[in-house]
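Close look at the chain arrangement
Each chain, letter by letter, is given below.
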Amino acid sequence: MGAGVMKKQGGKGRRRGRAQPMAEINVTPFVDVMLVLLIIFMVAAPLLTVGVPVELPKTAASALPSDQEEPLTVTVTAEGSVQIQTTETPRNQLVTKLRAIASERASDRVFLRADGKVSYAQVMEVMGALNAGGFSNIGLVTDIGGPALDGSDTSGG
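Worth saying up front: this structure is predicted, and the values here are computed from it rather than measured.

**Section: the nonpolar core**
Of all hydrophobic cores here, the largest spans 16 residues; its most connected members are V74, L94, L98, L112, V126 and L130. Residue assignment for this core shows that the elements contributing at least two residues are β4 (72-76), β5 (82-84), α2 (94-104), β7 (109-114) and α3 (120-132). In contact with L94, other than residues within four places in its own chain, are V82, I84, T89, V126 and A129.

**Some details on the packing of α2 against α3**
Where α2 contacts α3, the two axes come as close as 8 Å, and the packing angle between them is 40 degrees. As summarised for this structure, α2 and α3 are arranged oblique, according to the angle between their axes. The two elements α2 and α3 cross, and the hand of that crossing is right-handed. Touching L94, V95, L98 and R99 of α2 are V126, A129, L130 and A132, all from α3. Split into classes, the residues belonging to the contact of α2 with α3 amount to seven nonpolar, no polar and one charged.

**Remarks on the pattern of salt bridges**
As enumerated under the stated definition, the model contains one salt bridge in all. In this structure, E125 engages R91 in a salt bridge whose closest nitrogen and oxygen atoms are separated by 3.3 Å. Remark: R91 occurs in the loop between β6 (87-89) and α2 and E125 occurs in helix α3; sequence separation between them is 34 residues. We classify R91 as partly exposed; its relative accessible area is 36%.

**Thoughts on the confidence of the model for the protein chain**
Taken over all residues, the pLDDT of the protein chain has a mean of 78, while the share at 70 or more is 74%. For the protein chain, per-element mean pLDDT is lowest for strand β1 (residues 5-7), which scores 57, and highest for helix α1 (residues 28-44), which scores 91.

**Here's the deal with the pairing of strand β8 (residues 137-141)**
One ladder, built from five bridges, connects β7 with β8; its direction is parallel. Bridging across to β8, F111 finds its partner in G139. A crossover links β7 with its parallel partner β8, the connecting element being α3, and its sense is right-handed.

Rules of the game
- Per chain, residues are indexed from 1 in the order of the written sequence.
- Totals for whole chains, interfaces and linings use every residue, but because this is a predicted model, local features are given only for residues with pLDDT of at least 70 and side-chain atom pairs only at 80 or more, for both listing and counting.
- Working from all heavy atoms in the structure, the side-chain values ignore hydrogens and water.
- In plain words, nonpolar cores are sets of buried Ala, Val, Leu, Ile, Met, Phe, Trp, Tyr and Cys residues tied together by side-chain atoms within 4.5 Å.
- Only protein chains enter the accessibility calculation, which uses a 1.4 Å probe. A residue is then buried if its area is under 20% of the maximum for its type, exposed if over 50%, and partly exposed in between.
- Segments assigned H or I by DSSP are reported as helices when at least four residues long, segments assigned E as strands when at least two residues long, and all are numbered from the N terminus.
- Contacts were defined at the residue level, with two residues in contact if any of their heavy atoms lie within 4.5 Å.
- Between N-to-C directions, angles cover 0 to 180 degrees, with each direction set by a line fitted to C-alpha atoms, over the stretch in contact for helices.
- Any angle from 65 to 115 degrees is called roughly perpendicular, while one under 35 is roughly parallel, one over 145 is roughly antiparallel, and all others are oblique.
- Whether a crossing is left-handed or right-handed is set by the direction in which the near helix is turned from the far one by less than a right angle, anticlockwise for left-handed and clockwise for right-handed.
- Only Asp, Glu, Lys and Arg are considered charged in this grouping, and only Ala, Val, Leu, Ile, Met, Phe, Trp, Tyr, Cys and Pro are considered nonpolar; every other residue, Gly among them, is considered polar.
- Salt bridge, as applied in this entry: a Lys or Arg side-chain nitrogen positioned within 4 Å of an Asp or Glu carboxyl oxygen.
- pLDDT expresses, on a scale from 0 to 100, how confident the predictor is about each individual residue.
- When DSSP finds two or more bridges between two strands, those strands count as paired.
- For crossovers, right-handed means that the path from the first strand over the helix to the second runs clockwise, given strands pointing away from the viewer.

Printed below as a string of structure tokens:
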């Protein structure tokens, strides 16, 4: 691929030169492959986020630090349905499924995503189910850039 054979040049008369391996390695194909892999990962990384499309409310809060384990995400859609990761779960089975998930996980952290159109009472019902299911560390997911109550504009506009 990158190495070749170099024939000895010069010499006298009848003796034929022996073929010697070339001491240089051509790294251009290696660099080309690495750049292609880099581009593939840069394009594919944003597609790996798991989630249900909801319109999150905007706040001025900062992001939570991330854990080693992939966080559990519970989503309440605008229609009021509840989904664990991407699987829709009936409300009457929510606590049972959460207890089963909590027994298999090392972390009790869960992220709750709720559409901005969902009532506060529905979000609190799901938070109560999360607590009953064994998850006491609940993070509410919002979009950044919302209004700050101190009068400053964090939307950047």
